Amino acid sequence: MSPRQRLRHWFESRLPRSDSWTLTQRNIYIVPTRAGLMFALVLLVMLLATINYQLSLGYVLTFLLAGAGFVSMHLTHGTLRGMTLHLKPPASGFAGQPMMLEIVLAGAARDQHGVGLGFEHAPDRSHDVFVDVASGGQASAHLAFTPPARGLHVLPTLRVETRFPLGLFRAWSVWRPAATALAWPVPESPLAPWPASPSAAGEAAPQTRSSSGEFDGVRSYRRGDPLKRIVWKKVAKGGDLVSRDHVSAVQLELWLDWQHAQLPGTEPRLSRLAAWVVAAEAAGVPHGLRLPGIEIAPGAGTAHRRASLDALAAWS
Amino acid sequence: MKLLPHWPGWGHLPREARDALFLLAVIAWTIAPHFTHLPPWCLALTAGVVGWRAWLAVANGALPGRWPLLIALVLAMGLTFSTHRTLLGKDAGINLLVVLMVLKTLELRARRDAFVVFFLGFFIVLTNFLYAQSMAVALAMLASVWGLLTALVLAHMPVGRPPLARAGAVAAKAALLGAPIMLVLFMLFPRIGPLWAVPQDVVAKTGLSGALRMGGIAEVALDESVAFRVRFEGRPPDPDRLYWRGPVLGRFDGVEWARIEPNSVNAYVRGAELAVRGPAVPYEMTLEPSRLPLLPLLEATPATVEDRPRVEGLRTSLRADLQWMTDRPVTERLRLSARAFLEHRHGPLQDSLALREYTDLPPSFNPRTLEWADRLRSEPRYANATPEALVQAVLNTIRSGFTYTLTPGTYGDDEGRHAIDEFWLDRKRGFCEHFSTAFVVVMRALDVPARIVTGYQGMDIEPQDGWYVVRNSHAHAWAEVWLEGRGWVRVDPTAVVAPERVVQSRALRAPAGVVAGAIDAVNPALMANLRKAWERANNQWNQWVLGYSRNDQFSLLERMGWRSPDWSDLAYLLTALMSGAALAGAAWAWWDRHRRDPWQRLAQRLARRLRALGVEAQPHEGLQALARRVREALGPRAEALACRLDALDALRYGRDAIARPSRQWWRDFARESAALGSR
């Protein structure tokens with residue numbers, strides 16, 4: 001680590017983590033941009049020309065621009081000052097795929113323009129997102145964060161910056177959000193065959209609750225039952241939701257087990273399990289998940305899928 | 001390819017196209033005043049490139065690559081060199097600036113390119129001041145600077161399609177807030193002389209140039225700028241007696257009049273041989289920078305201790321021809337006081353060989369005039385006439401057939417020879433320099449020593465705050481003849497043909513143009529008033545903006561309580577004020593940190609209150625979400641509180657939304673939440 005990086009690291013580690021960041025004089029930094037330094041040089045040359053040719057209006061022009069440049073420093077600083085940024089906790093997603101961070105900017109006392117948001121350690125600034133914030137209003141910016149691997153990730157350090165209005169100064173603030181992002185394992189591809197046959201699976205084998213494959217009656221609705229199995233006639237008569245208790249509906253109650261994902265290494269196993277969860281959900285098959293120390297009862301639906309994937313993501 | 005792209009209307013142009021067109025318009029406006037100074041090829045290039053770039057912007061065409069631009073640049077530099085024979089210097093420099101600026105518009109890609117255009121634009125604005133610093137130019141360039149700053153602001157508003165007016169308002173705000181800084185810097189930044197020599201053509205002003213070429217000027221361009229201001233102790237003398245003496249021109253090469261050479265006998269005559277009579281006229285004078293090493297003092301100001309002008313930082317001396325010189329060109333405004341004697345006599349009383357220099361005429365110039373003089377001399381009644389009689393005879397000739405005009409046309413052949421012949425015998429129309437030069441030539445041809453005196457004559461009739469203004473349009477040329485026993489005697493041939501020019505001391509006035517003539521015909525008083533108001537404004541401009549000099553800076557310090565201020569005082573004051581401005585800026589920022597959106601502030605207070613009641617709110621949650629949380633957490637007993645939150649939501653976002661939260665609402669809410677908390 002170079003001394004410069006070390007310094008930056010130390011500096012960042014001093015910042016408190018928070019999901020809400022109010023920009024004040026204490027955390028806004030401002031320096032002239034390269035264009036600002038050029039501007040100063042241009043003014044100097046103009047002043048020399050003015051002195052040499054004794055141009056009264058040259059003095060007026062040079063000093064007018066100098067005054068405007070000085071004021072622009074305050075305007076640039078004032079663009080950020082007083083604004084509050086909130087980070088909405090991001091939804092979980094698969095590792096390697098971008099997840100959207102929503103940042104809400106509010107509390108501008110004046111109309112502010114050209115407020116840019118980006119990651120402090122991004123290799124370049126081309127992915128910065130710019131927003132305008134109306135006085136007293138809110139604006140939200142969406143930044144794409146791609147978690148590199150499975151697990152719980154601390155969100156990277158954010159930077160909010162502006163060069164408005166003249167681009168002669170750059171004001172910025174560095175913000176360490178407290179929110180975390182949970183990255184699910186990357187689903188294995190291609191999909192491995194389903195867990196082995198019921199007999200081979202022993203305890204985990206799909207269990208048959210009905211003897212016949214025929215329509216068997218109804219039972220009360222369970223979360224995850226597909227819509228087509230709901231007995232709408234009964235519902236219309238004013239009853240609770242009931243589902244047809246069909247053989248096939250229960251025949252494939254799948255247990256996805258750590259033991260079945262026969263792969264060396266933790267991550268490939270988790271990847272395979274994730275792929276099975278995704279596939280089972282897509283196929284509408286209720287599934288349960290068993291990890292060493294964790295068991296999630298069979299079920300289906302978006303919430304169940306998320307719970308399963310979250311468990312895979314957080315497992316260690 | 002269609003010649004003109006589809007024009008969707010200004011409001012429907014894509015943002016890039018609109019911004020590019022706006023910037024092109026600003027650039028064209030900035031370059032426009034150079035129209036008369038640029039060679040035709042440069043004008044054609046400018047018009048062509050700007051037009052093409054505008055076409056590309058509207059048609060959304062692709063910009064040319066780097067190589068064609070580079071080739072165009074090299075070509076343009078070659079053309080510049082072949083036009084000006086150099087790439088340095090004022091004209092070539094401006095030419096290059098314009099070429100660079102115009103070609104750069106074809107390369108506007110990154111933000112850095114935009115900055116290059118802005119910086120070049122500011123330079124071009126500055127170069128416009130090399131040619132003119134009038135109020136009109138200043139206003140036009142103010143518009144340019146505003147336009148450039150607006151474009152710069154637009155470049156830093158990356159979101160959506162911000163209206164031009166918004167960017168313009170931000171630019172104006174920056175400039176207006178910066179105006180006090182500009183004012184302080186302008187008033188206190190030490191005015192120092194040129195750091196290195198610059199070509200004099202840039203700064204030379206009309207007025208007294210020390211040389212005179214008769215007939216070369218077809219039309220007098222009137223310069224109403226102030227030459228100097230003067231104040232008299234007691235009643236001012238009549239304007240027709242006021243002759244402000246400048247360079248005395250005694251040498252004539254047939255085309256141009258110049259001073260007697262320093263190695264001539266007459267330059268070495270010691271003392272001015274000046275005898276004064278009558279009462280002294282004490283006067284005070286404020287001289288605008290003339291950039292000439294002389295003082296146009298009232299005739300005659302003697303060199304005695306009590307009469308001579310006293311000026312700080314300048315050595316003055318009186319030449320034998322009664323002209324006051326300084327040891328260096330006057331580049332700042334001067335104030336001086338001196339005493340003059342309107343009645344005086346100067347020059348040798350006895351004829352001497354030295355005076356023969358004043359009857360010299362170059363041979364083979366103006367032969368017909370010399371012939372005319374010979375004929376006059378051979379007339380019987382002038383055979384033994386005194387020089388006085390000859391002067392009267394020539395003045396009578398002028399009185400009886402000459403016309404005073406400011407638009408005489410040019411005289412003389414291509415090289416300016418024989419101009420006097422043409423004036424004296426053929427066309428007989430001219431202004432003071434025609435009359436005085438012709439008179440002197442004729443007098444010399446009659447063997448009377450004569451010379452031309454240039455300077456100013458008269459002054460504005462009405463004083464401004466007790467000061468009488470003498471303008472560059474009061475510049476005048478008259479004659480002096482040497483008469484035995486009387487010395488050099490002033491003769492003003494212009495007064496003979498146009499007495500009002502001298503008697504009423506009317507400054508030279510050009511004939512009115514069409515518009516002015518029409519106004520004049522309808523309402524003469526209005527025209528006069530307009531002119532007066534315009535002149536007053538122009539005077540103020542000249543005095544306070546263009547003529548603001550080192551002396552003004554020091555007198556400003558004196559009024560602020562400094563005793564005999566100098567550079568270091570200026571520097572101290574400037575440093576102190578600038579530090580003050582910086583501190584004020586910091587203080588403003590410090591104070592401003594507390595100034596936040598009132599709704600935001602209210603939201604924080606609300607969050608604190610609710611936390612005290614056990615309701616944890618997320619910072620980004622709205623009022624309705626808060627109300628829901630209150631209902632969930634506290635149940636029916638908090639229904640009133642939740643209703644208040646809903647009401648506030650309506651107050652803020654509803655149909656009759658209010659700009660700031662009402663205090664009454666907060667008091668009610670605080671009371672209720674306190675009651676809930678205590679239960």
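Structural notes on the overall build of chain A
Consideration 1: Broken down by element type, chain A carries eight helices and 17 strands.
Consideration 2: Split into buried and exposed, the 316 residues of chain A put 38% on the buried side.
Consideration 3: Partitioning the contacts of chain A with sequence separation of at least 6, the portion at a separation of at least 24 is 69%.

Some points on the overall build of chain B
Consideration 1: On a plain count of helices and strands, chain B comes out with 21 helices and 19 strands.
Consideration 2: Pairs at least 24 residues apart make up 73% of the contacts formed inside chain B by residues separated by at least 6 positions.

Things to note about the sheet that holds strand E16 (residues 287–291) of chain A
Residue and element names in this part refer to chain A.
Consideration 1: Read from one edge of the open sheet, three strands run E15-E16-E17, paired in mixed fashion. Strands at the two margins of the open sheet, each flanked by one partner only, are strand E15 (254–257) and strand E17 (294–299). Ignoring strand direction, the axes of neighbouring strands in this sheet form an average angle of 15°.
Consideration 2: Judged from the four bridges that link them, E16 and E17 form a sheet pairing that is antiparallel. Within E17, the residue paired with leucine 291 across the bridge is isoleucine 294.

Side note on the interface of chain A and chain B
Consideration 1: Contacts between the two partners involve 54 residues from chain A, matched on the other side by 55 residues from chain B.
Consideration 2: Going through the elements one at a time, helix H2 (34–53), helix H3 (56–80), strand E3 (84–88), strand E5 (99–106), strand E6 (112–119) and strand E7 (129–133) of chain A are the ones with two or more residues in the side of chain A that touches chain B.
Consideration 3: Among the elements that line the side of chain A that touches chain B, the one with the most residues is H3(A), at 19 residues.
Consideration 4: Here the residues of the side of chain A that touches chain B are counted per class, giving 30 nonpolar, 20 polar and four charged.

Notes on helix H18 (residues 598–612) of chain B
Residues and elements named next belong to chain B.
Consideration 1: With 15 residues, H18 should cover 21 Å at 1.5 Å per step; its first-to-last C-alpha distance of 21 Å lies within 8% of that length.
Consideration 2: For H18, the set of buried residues is Ala603, Leu606, Arg609 and Leu610. All buried residues of H18 project into a common sector of 125° when viewed along the axis, lining one side. Counted as exposed and oriented over 90 degrees from the buried face of H18: Arg608, Arg611 and Ala612.

Points about H3(A)
Residues and elements named next belong to chain A.
Consideration 1: Look at H3: 37 Å from first C-alpha to last across 25 residues, which is about the 36 Å you get at 1.5 Å a residue.
Consideration 2: In terms of residue burial, H3 counts as a mostly covered element, since 24 of its 25 residues are buried.
Consideration 3: Positive backbone phi, approximately 90°, marks glycine 82, located one or two places after H3.

Observations regarding the environment of B:Glu273
All names here are of chain B.
Consideration 1: Tracing the chain through its elements places glutamate 273 in the loop between strand E5 (256–258) and strand E6 (274–277).
Consideration 2: Here glutamate 273 falls in the partly exposed class, since 15 other C-beta atoms lie within 10 Å of it.
Consideration 3: Residues glutamate 273 and leucine 322 lie 49 residues apart in sequence; the distance between their C-alpha atoms is 8.9 Å.
Consideration 4: Excluding its chain neighbours within four sequence positions, the residues that come into contact with glutamate 273 are His346, Gly347 and Pro348.

Regarding the sheet that holds E5(A)
Residues and elements named next belong to chain A.
Consideration 1: Read across the sheet, four strands follow the order E1-E3-E5-E8 without closing on themselves; strand pairing throughout is antiparallel. A single partner strand is all that each edge strand has here, and the edge strands are strand E1 (20–22) and strand E8 (138–145). Mean inter-strand twist for the sheet, computed between neighbouring axes without regard to direction, equals 20°.
Consideration 2: Here E3 runs beside E5; their pairing, made up of five bridges, is antiparallel. Note on E5: the bridge partner recorded for lysine 88 is glutamate 102.

Things to note about the packing of helix H6 (residues 135–155) of chain B against helix H7 (residues 164–188) of chain B
Residues and elements named next belong to chain B.
Consideration 1: H7 packs onto H6 with a crossing angle of 115° between their chain directions and a minimal axis gap of 8 Å. The interaxial crossing formed by H6 with H7 has right-handed handedness. Of the residues in H7, those in contact with Trp146, Leu149, Thr150, Val153 and Leu154 of H6 are Leu164, Ala167, Gly168, Val170, Ala171, Ala172, Ala174 and Ala175.
Consideration 2: Its residues assigned to classes, the contact of H6 with H7 comprises 11 nonpolar, two polar and no charged.

Regarding the environment of B:Asn538
Residues and elements named next belong to chain B.
Consideration 1: Take asparagine 538: it is sitting in helix H15 (residues 524–546).
Consideration 2: Overall, the presence of 16 C-beta atoms within 10 Å leaves asparagine 538 in the partly exposed class.
Consideration 3: Considering only alpha carbons, one finds asparagine 538 and valine 226, 312 residues apart in sequence, at a separation of 9.4 Å.

As for the nonpolar core
Consideration 1: By size, the foremost hydrophobic cluster in this structure holds 120 residues, and its most contacted members are A:Leu61, A:Leu64, A:Leu105, B:Phe122, B:Leu149, B:Val153 and B:Ala174.
Consideration 2: Counting residues per element, this core draws most heavily on H3(A), at 14 residues.
Consideration 3: When sequence neighbours within four positions are dropped, the list of residues in contact with A:Leu61 reads A:Met46, B:Val125, B:Leu126 and B:Val145.
Consideration 4: One finds B:Leu370, B:Phe402, B:Ile452 and B:Trp478 within the second-largest nonpolar core, a separate group that totals 72 residues.

A few points about the packing of helix H20 (residues 639–653) of chain B against helix H21 (residues 663–678) of chain B
Residue and element names in this part refer to chain B.
Consideration 1: Relative to each other, H20 and H21 sit at 160°, their axes nearing to 10 Å. Here H20 lies roughly antiparallel to H21, going by the angle between them. The handedness of the crossing between H20 and H21 is left-handed. Seen from H20, the contacting residues are Ala640, Leu641, Arg644, Leu648 and Leu651; seen from H21, they are Trp665, Asp668, Phe669, Glu672, Ser673 and Leu676.
Consideration 2: Of the residues assigned to the contact of H20 with H21, the class counts are seven nonpolar, one polar and three charged.

Concerning the confidence of the model for chain A
Consideration 1: Here chain A shows a mean pLDDT of 81. Residues at 70 or above account for 82%.
Consideration 2: Least confident of the elements in chain A is helix H4 (residues 198–201) of chain A, whose mean pLDDT is 38; most confident is strand E2 (residues 29–32) of chain A, at 94.

What counts, and where the lines are drawn
- Residues numbered from 1 in each chain as written.
- Chains lettered and ligands numbered in written order.
- Predicted model: local features only at pLDDT ≥ 70, side-chain atom pairs only at ≥ 80, totals over all residues.
- Helix = DSSP H or I, 4+ residues; strand = E, 2+ residues; numbered from the N terminus.
- Buried ≥ 20, exposed ≤ 12 C-beta atoms within 10 Å, placed from the backbone.
- Contact = placed C-beta atoms within 7 Å.
- Pairing = 2+ DSSP bridges.
- Axes fitted to C-alpha atoms, helices over the stretch in contact; angles between N-to-C directions.
- Nonpolar A, V, L, I, M, F, W, Y, C, P; charged D, E, K, R; others polar.
- Expected span 1.5 Å × (residues − 1).
- Arc of directions from axis to C-beta.
- Left-handed = near helix turned anticlockwise from the far one by under 90°.
- Core = buried A, V, L, I, M, F, W, Y, C linked by C-beta atoms within 7 Å.
- Parallel < 35°, antiparallel > 145°, perpendicular 65-115°, else oblique.
- pLDDT = per-residue confidence, 0-100.

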